[in-house]
Amino acid sequence: MINNLPLPKQITRPGIDARFALSFADFTLDVDLQLPAQGVTALFGHSGSGKTSLLRCIAGLQKSHNGLLRVNGELWQSESSFVPTHKRPIGYVFQEASLFNHLSAEGNLHYALKRAPKAHTDIQYDHAIELLGIEHLLKRHPEQLSGGERQRVAIARALLIQPKLLLMDEPLAALDLQRKLEILPYLERIKRDLELPIIYVSHAPDEVARLADYLVVMKEGRAVSSDTLSNAMTRIDFPIRLGEDAGAVIEGTVIERDLEWQLARVSIPGGEVWLRDGGNAIHSQVRIRVLARDISLSKTQHEDTSITNILPAHVLDIGEDEHDGSLLVKLLIGAKGNGNDEVEKEANGSVLLSRVSRRSAHNLELKTGMDIWAQIKSIAVI
């Protein structure tokens, strides 16, 4: 019999251990995951892949009777015990804001304060309002708010519950592109300012590339890939075809701003790249995204070209692409082919993907292990 009383805290390694198995008439969920204790973990996959089912299991909204869930040493579910949803220290943000229409934005936030444990107030009321930029919205009712404003209030409400884990189920899916772009910086601030693990469900590669630190790829109810974002996105055999969204995500540091030409120079492992100036301060950390379609290859270094970024690279792997006429080439920036330890070289450089036609690959005589020049237009770097 399942005991609905929460178990005492247990001291184990930090992180999230999640094991669930569910069977329905036309769908089976079967996952066994070890997730990081901090940052944003994205559950990524097509509709129907099991992302939301897994999130509901973590929240306790869906029972997997032989499941296991341990969050930073606290056992929330085992074969014999189950902590109900209302006793789990979680914040849950749905696709729709789901605010109480009879309450103002301020009233919705105070409702969360009433639910929060009195002895645990890591996220202060004023801080949550400032993080989401909603001070001017507090007296308005939900019908007086735009979709993006409602979602920002809903996120602040979830934070004020004082969660130890924040669950977000495609929180931007119901918004148009402009509202989505308005909210993303607020999500980045939450990630940066709060030491709060976040599990973020999305089927949008651009959201995942911008927010995630760790990536779980879901397909037909199973986790078919689980790795850091940078490693996962540069897999030649990525389990889901990304098409035009295939590419790499790299962390870098702004080292120069050219105000005359409106460009910024960013240091990345193994080299430097110029990109459009986004106003980031010198020495600030930035995340850049380079799509495979925006990298061309050359055997020699050219100077009579409009392309600003021409970087020495080493071919790590060559694999099939979605179209029969193209290939994906895995490149290592900042390391030549002297030596056999690819793992060590990857640790000191940046890994990129380039999409080339089979004809170009033939003409260049591309093969694994060769040195090449990677050419990246500055305006193409995101």
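Enquirer: Quick question: what am I supposed to make of the layout of surface pockets here?
Expert: Using a probe with the size of a water molecule, rolled over the atoms, empty space left in the structure can be pinpointed. One number sums up the size of the largest pocket: a volume of about 1100 Å³. Around the largest pocket, the lining comprises 31 residues; the ones closest to its centre are E188, R210, V286, R287 and I288. Mapped by element, the contributors of at least two residues to the lining of the largest pocket are α5 (177-193), α6 (205-211), β11 (247-258), β12 (263-268), β13 (271-276) and β14 (285-291). In terms of residue class, the lining of the largest pocket is built from 13 nonpolar, 5 polar and 13 charged.

Enquirer: Help me understand the side chain of S225 in this model?
Expert: Within the secondary structure, S225 is located in strand β10 (residues 222-228). There is a polar contact of 2.9 Å between the side chain of S225 and the side chain of R235. Excluding anything up to four places from it in sequence, S225 contacts L215, V216, V217, R235 and P239.

Enquirer: Is there a simple way to explain helix α1 (residues 51-59) in this structure?
Expert: Residues three or four positions apart in an α-helix share a direction because the helix packs 3.6 residues into each turn. Every buried residue of α1 is listed here: K51, L54, L55, C57, I58 and A59. Following α1 by one or two positions, G60 adopts a phi angle in the positive range, close to 85°.

Enquirer: Honestly, the pattern of salt bridges in this entry has me stumped. Any pointers?
Expert: Pairing between side chains becomes possible if they bear opposite charge and their charged atoms approach one another. Across all of its chains, the model carries 24 salt bridges by this definition. Residue R265 is joined to E272 by a salt bridge in which the shortest nitrogen-to-oxygen separation is 2.6 Å. The exposure class assigned to E272 is partly exposed, which follows from its relative accessible area of 37%. E365 is the salt-bridge partner of K299, the closest N and O atoms lying 3.0 Å from each other. Here E365 lies in the loop between α9 (358-364) and β19 (371-376) and K299 lies in the loop between β15 (295-298) and β16 (309-320), a separation of 66 residues in the sequence. On the accessibility criterion, E365 (54% relative accessible area) is exposed. One network of salt bridges, in which partners are shared, links K191, D213, E251 and R287.

Enquirer: How should I be thinking about the side chain of S378 in this particular structure?
Expert: Its location among the elements puts S378 in the segment after β19. For S378, a relative accessible area of 9% translates into the label buried. Among residues more than four places away in sequence, those in contact with S378 are L263, W274, L275, R276, T308 and N309.

Enquirer: Help me understand empty space enclosed by the protein, please; the structure alone is not making it clear to me.
Expert: Under the definition given, this model contains 2 cavities of 30 Å³ or more. In this structure, the largest cavity encloses a volume near 110 Å³. Forming the walls of the largest cavity are 15 residues, and the residues nearest its centre are F238, I240, L242, A246 and L328. Per-class residue counts for the lining of the largest cavity are 8 nonpolar, 2 polar and 5 charged. The volume enclosed by the second largest cavity comes to roughly 40 Å³. The wall of the second largest cavity is formed by V40, M168, L187, I190, I198, Y200 and L211.

Enquirer: For this particular structure, what's the right way to read the nonpolar core?
Expert: What tends to happen in soluble globular proteins is that the nonpolar side chains get buried as a cluster. If you look at the biggest cluster of nonpolar residues, it comprises 39 residues, and the most contacted ones within it are L109, L132, L159, L187 and I190. Only α2 (105-115), α3 (125-132), α4 (147-160), β7 (165-169), α5 and β8 (198-202) provide two or more residues apiece to this core. Broken down by element, the residue count for this core peaks at 7 residues, all from α4. Apart from the residues within four sequence positions on either side, L187 is in contact with I155, M168, L172, Y200 and L211.

Quick notes on the rules
Residues numbered from 1 in each chain as written. Predicted model: local features only at pLDDT ≥ 70, side-chain atom pairs only at ≥ 80, totals over all residues. Heavy atoms only, no water. 1 Å grid on protein atoms, 1.4 Å probe; cavity = no way out; pocket = protein on both sides within 12 Å on 5 of 7 lines; lining within 4 Å. Points joined across faces, edges and corners; volume = space filled by probe spheres on them. Helix = DSSP H or I, 4+ residues; strand = E, 2+ residues; numbered from the N terminus. Nonpolar A, V, L, I, M, F, W, Y, C, P; charged D, E, K, R; others polar. Polar contact = N/O pair within 3.5 Å; in protein donor to acceptor, adjacent residues only side chain to side chain. Contact = heavy atoms within 4.5 Å. Buried < 20%, exposed > 50% of the residue type's maximum accessible area, 1.4 Å probe, protein only. Salt bridge = Lys/Arg side-chain N within 4 Å of Asp/Glu carboxyl O. Core = buried A, V, L, I, M, F, W, Y, C linked by side-chain atoms within 4.5 Å.

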